[in-house]
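Spelled out, the chains give:
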Amino acid sequence: NAGVTQTPKFQVLKTGQSMTLQCAQDMNHNSMYWYRQDPGMGLRLIYYSASEGTTDKGEVPNGYNVSRLNKREFSLRLESAAPSQTSVYFCASRPKRGASVYEQYFGPGTRLTVT
Amino acid sequence: KQEVTQIPAALSVPEGENLVLNCSFTDSAIYNLQWFRQDPGKGLTSLLLIQSSQREQTSGRLNASLDKSSGRSTLYIAASQPGDSATYLCAVRPEGAQKLVFGQGTRLTINP
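Residues numbered from 1 in each chain as written. Chains lettered and ligands numbered in written order. Predicted model: local features only at pLDDT ≥ 70, side-chain atom pairs only at ≥ 80, totals over all residues. Heavy atoms only, no water.

## Details of the packing of aromatic side chains
Residue and element names in this part refer to chain A.
Stage number 1. Evaluation of the coordinates by the stated rule reveals 8 aromatic pairs over all chains.
Stage number 2. For the pair Tyr33 and Tyr35, a centre-to-centre distance of 6.2 Å together with 25 degrees between the ring planes defines the contact as stacked. Tyr35 matches Tyr33 in its accessibility class, with the two residues each being buried.
Stage number 3. Ring centres of Tyr33 and Tyr48 lie 6.1 Å apart, and the angle between their planes is 25 degrees; on these two criteria the pair is classed as stacked. With Tyr33 in strand S4 (residues 31-38) and Tyr48 in strand S5 (residues 42-49), this pair connects stretches of sequence that are 15 residues apart. (Phe/Tyr/Trp six-rings, centres within 6.5 Å; stacked < 30°, edge-to-face > 60°. Buried < 20%, exposed > 50% of the residue type's maximum accessible area, 1.4 Å probe, protein only. Helix = DSSP H or I, 4+ residues; strand = E, 2+ residues; numbered from the N terminus.)

See the structure below:
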């Protein structure tokens, strides 16, 4: 089991460029999440997908779009990157209630810099 | 709106000491509370999960307690080691919500 994987690990973009962050989990989890982590702000939820085919906004969705491609994969797209989107992005997944020890499982993160 | 606070923001102790990290939350309507460890430049590693009906959970040298009515949780680390140095995050899952609400973390340094 690889758990939750994210690509790329690092990325530098120029303002206005677009990119897609990829996330995949092999634990057969239903729910998947995208968070961003900024110094002094903690982790904040961008978007989540409670199940395949559904997506919902979190606390800070502006400037992002997501796609739940299938049960395994949940991608995050920045259409026109801005310096304020410089952050570390974490993908997470959650099993059904009672199906596992932990609430959410996190990927290793993508460190994005927008210049 | 649920808010999670961790105090202190940073803590430095000598090796071998027992220590307590604190987490407080403003709304007691939670499903569960989870403690994570984050090493510099790395992702989050789950440590302990306490369901709302539970009072504590233990794993090795770690013990986490939950007092839902007062909105508090503590993470107790026994016989600290330099390898315990990391940032420790707590997060709650509010009732009726899908997301976790995180505290800002306590950066722990264990000095040899």
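## Looking at the pattern of salt bridges
Stage number 1. Summed over the entire model, instances satisfying the criterion amount to 6 salt bridges over all chains.
Stage number 2. Among the ionic pairs, Glu59 of chain A bridges to Lys99 of chain B, the shortest N-O distance being 4.0 Å. Of this pair, Glu59 of chain A sits in the loop between strand S6 (56-57) and strand S7 (64-68) while Lys99 of chain B sits in the loop between strand S9 (86-94) and strand S10 (101-102), on two different chains.
Stage number 3. Looking at Lys99 of chain B, the relative accessible area reads 22%, which means it is partly exposed.
Stage number 4. Across the pair Arg37 of chain B and Asp39 of chain B runs a salt bridge whose closest N-O atoms are separated by 2.9 Å.
Stage number 5. Among the residues examined, Arg37 of chain B registers a relative accessible area of 17% and is labelled buried.
Stage number 6. By relative accessible area, which is 26% here, Asp39 of chain B ends up partly exposed. (Salt bridge = Lys/Arg side-chain N within 4 Å of Asp/Glu carboxyl O.)

## A few points about the interface of chain B and chain A
Stage number 1. Counting from both sides, the interface comprises 21 residues of chain B and, opposite them, 23 residues of chain A.
Stage number 2. Each partner contributes to the roughly 1800 Å² buried at the junction of chain B and chain A, and carbon and sulfur atoms together form 51% of this total.
Stage number 3. Run the count over chain B and chain A and you get 1 salt bridge.
Stage number 4. The interface formed by chain B and chain A includes 5 residue pairs in polar contact (both at pLDDT 80 or more).
Stage number 5. For the side of chain B that touches chain A, the secondary structure elements donating two or more residues are strand S4 (30-38), strand S5 (44-51) and S9 of chain B. (Contact = heavy atoms within 4.5 Å. Buried area = accessible area lost by both parts, 1.4 Å probe. Polar contact = N/O pair within 3.5 Å; in protein donor to acceptor, adjacent residues only side chain to side chain.)

## A look at unusual backbone geometry
Residues apart from glycine generally show negative phi values, whereas peptide bonds are mostly found in trans.
Stage number 1. The peptide bond linking Thr7 of chain A to Pro8 of chain A adopts the cis configuration, its omega dihedral lying at -5 degrees.
Stage number 2. At the junction of Ile7 of chain B and Pro8 of chain B, the peptide bond is cis and its omega measures out at 5 degrees in the coordinates.
Stage number 3. Structurally, the position occupied by Pro8 of chain B is in the loop between strand S1 (4-7) and strand S2 (10-14).
Stage number 4. The phi dihedral of Asn28 of chain A falls on the positive side, at around 60 degrees, and the residue is not glycine.
Stage number 5. Within the fold, Asn28 of chain A resides in the loop between strand S3 (19-25) and S4.

Distances and angles like these do not, on their own, reveal function.
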